Amino acid sequence: MTSMSRARVARRIAAGAAYGGGGVGLVGAAAVGLLLTEMRLARRHVNNGNTTGRVPLADGVYGAGYGLFGESPLRLAMLGDSTAAGQGVHRAGQTPGALLAAGLAAVAERPVSLRNVALPGATSDDLDRQVALVLAAPITAPDICVIMIGANDVTRRIPPTRSVRHLSAAVQRLRSAGAEVVVGTCPDLGTIEPVRQPLRWLARRASRQLAAAQTIGAVERGGRTVSLGDLLGPEFMANPRELFGPDHYHPSAEGYATAAMAVLPTLCAALGLWPAEEEGPDASRREGFLPVARAAAEAASEAGTEVAAAMPTGPRGPWALLKRRRRRRVREAEPVTPSG
């Protein structure tokens, strides 16, 4: 499928989400049936894997030493599914929330208070509940939120228009509360080891279509997105023992560090912490201004690609800035100071 074709499909899904449609499918019904069968086998493999399913509690304050200089903590919230929660690792410091909080504290030279409300197994329908938890105390609303969601929507055959509708509403509510929002879009399910060819291709196609539509929905409501798809692509395919956890489904500590390394620059840019000279497009890295649907389609095919709103709506619809930011290395976070 060409970039333009992917852009048209993503725009149709996003439009259906905005106007209440629900019939835009990702792949044909017969293919979806086969894909779901393979995914059930994958889930069974996950359940039989060497993992307890327990998610380490990582909530707390990171970079507390910076508070000695009178800096109040930045507030970071994580929302989404098992990837956002950090399922598959054993230590709190290995979860993506902890890695991002520690990385953000180092860049900002300011403490970061982390709250993670992500739920393993969650689909986009659960974002309404998670946003309510995050905004329950408006005086301490987060400065920035990271949402990672989408894989379970594909495997459970939730209509993509519905998935994008829930994500878009979540971004809108968080932005209205004053929080910056970064969405890590649907990962590439074609890399899950128990899923065999030719269904790997179908899983990849469905994942990327949803990721592109998520990008349109999030960016049009003031959020930024980072593609996680290819992080579970070449790197995971080349190093499955290193980058997948014991269940062969969730990332390992190294895998989460790779994802956090891709998201951290966008997190910093959203808060105005990235070098100003790097905020414009760099032609040498194939960055530039594009119609949002085309930017979304290109981002879905390349991991670590950021999409953010850039220009008012024109004759071809909203425009966005597509960037391929340099990744900052992140290491396992230091032990947290428990919050509350």
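The rules we used
Note on numbering: residues in each chain are counted from 1, in written sequence order. Totals for whole chains, interfaces and linings use all residues, but because this is a predicted model, local features are given only for residues with pLDDT of at least 70 and pairs of side-chain atoms are given and counted only at 80 or more. Hydrogen atoms and water are omitted, and side-chain values are computed over all heavy atoms in the structure. Working definition: helices are DSSP H or I runs of at least four residues, strands are E runs of at least two. Numbering for both runs from the N terminus. For each residue, the accessible area found with a 1.4 Å probe, counting protein chains only, is set against the maximum for its type, and the residue is called buried under 20%, exposed over 50%, and partly exposed in between. By definition in these notes, contact holds between two residues if any of their heavy atoms fall within 4.5 Å. Using the Shrake-Rupley algorithm and a 1.4 Å probe, accessible areas are obtained, with residue cover drawn only from the displayed protein chains. Working rule for helices: expected span equals 1.5 Å times residues minus one. Helix axes are fitted to C-alpha atoms over the stretch in contact, other axes to C-alpha atoms as well, and angles between N-to-C directions run from 0 to 180 degrees. Orientation labels follow simple angle bins: below 35 degrees gives roughly parallel, above 145 gives roughly antiparallel, 65 to 115 gives roughly perpendicular, and whatever is left gives oblique. For a crossing to be left-handed, the near helix must be turned anticlockwise from the far one by less than a right angle; the clockwise case is right-handed. Just so you know the grouping, Ala, Val, Leu, Ile, Met, Phe, Trp, Tyr, Cys and Pro go in nonpolar, Asp, Glu, Lys and Arg go in charged, and all remaining residues, Gly too, go in polar. We call two strands paired when DSSP finds no fewer than two bridges between them. The definition of a nonpolar core used throughout is a set of buried Ala, Val, Leu, Ile, Met, Phe, Trp, Tyr and Cys residues joined through side-chain atoms within 4.5 Å. Known as pLDDT, the predictor's per-residue confidence is scaled from 0 to 100.

Points about the overall build of the chain
Helix and strand counts for the chain come out as 12 helices and nine strands. Counting across all 340 residues of the chain, residues that qualify as buried make up 55%. The long-range fraction of contacts in the chain, counting pairs at least 24 apart against all pairs at least 6 apart in sequence, stands at 81%. Surface summary for the chain: the accessible area is close to 14200 Å², and the carbon and sulfur share equals 54%.

A word on helix α4 (residues 96–108)
With 13 residues, α4 ought to run about 18 Å at 1.5 Å a step, and its terminal C-alpha atoms sit 18 Å apart, in line with that. Among the 13 residues in α4, 10 count as buried, and that is most of the element. If you follow the buried residues of α4, they end up packed against β1 (60–62), β2 (74–80), α3 (82–85), β3 (112–116), β4 (144–148) and α11 (253–270). Trailing α4 by a residue or two, E109 shows a phi angle of about 50°, which is positive.

Comments concerning the packing of helix α5 (residues 127–134) against helix α7 (residues 160–176)
One way to put it is that α5 packs onto α7 with a least axis distance of 9 Å and a crossing angle of 15°. What the angle tells us is that α5 and α7 run roughly parallel. Where α5 crosses over α7, the handedness of that crossing is right-handed. Between α5 and α7, the contacting residues are L127, D128, V131, A132 and V134 on the first element and H166, L167, A170, R173 and L174 on the second. Of the residues assigned to the contact of α5 with α7, the class counts are seven nonpolar, one polar and two charged.

Focus on the pairing of β3
Burial along β3 is one-sided: V112, L114 and N116 are buried, and none of S113 and R115, which face the opposite way, are. One ladder, built from three bridges, connects β1 with β3; its direction is antiparallel. Along β3, the bridge assignment pairs G60 with L114. Taken together, the five bridges between β2 and β3 define a ladder with parallel strand orientation.

Considering unusual backbone geometry
Positive phi is not limited to glycine here, since E109 has a value of about 50°. Note that E109 resides in the loop between α4 and β3. Located in the positive-phi region is R157, a residue other than glycine, with phi close to 60°. Structurally, R157 can be placed in the loop between α6 (151–155) and α7. On the basis of relative accessible area, R157 is assigned to the partly exposed category, the value being 49%.

What to know about the nonpolar core
Counting 34 residues, the largest nonpolar core has L76, L100, L104 and L267 as the members making the most contacts within it. Looking at which element gives the most residues to this core, the answer is α11, with nine residues. Those residues in contact with L267 that lie beyond four places of it in its chain are L76, L100, L104, I144, V146 and V182. Judged by nonpolar contacts, the second largest core, of 20 residues, contains C145, I147, L174 and V181.

Observations concerning the confidence of the model for the chain
The share of residues in the chain with pLDDT of 70 or more is 69%, and the mean pLDDT across the chain is 79. Here residues 45–52 is modelled with pLDDT under 50, and outside its nearest four sequence neighbours on either side it reaches nine contacts, counting other chains as well.

Quick look at the pairing of strand β5 (residues 180–184)
For β5, the tally of buried residues reaches four of five residues, placing the bulk of the element in the interior. Taken together, the three bridges between β5 and strand β6 (residues 224–226) define a ladder with parallel strand orientation. Across the sheet, residue V182 finds its bridge partner in β6, namely R224.

Some details on the packing of α4 against α11
Relative to each other, α4 and α11 sit at 40°, their axes nearing to 9 Å. As summarised for this structure, α4 and α11 are arranged oblique, according to the angle between their axes. For the element pair α4 and α11, the recorded crossing hand is right-handed. Across the interface between the two elements, P96, L99, L100, G103, L104 and V107 of α4 pack against Y256, A257, A260, V263, L264, L267 and C268 of α11. For the contact of α4 with α11, the residue count by class is 12 nonpolar, one polar and no charged.

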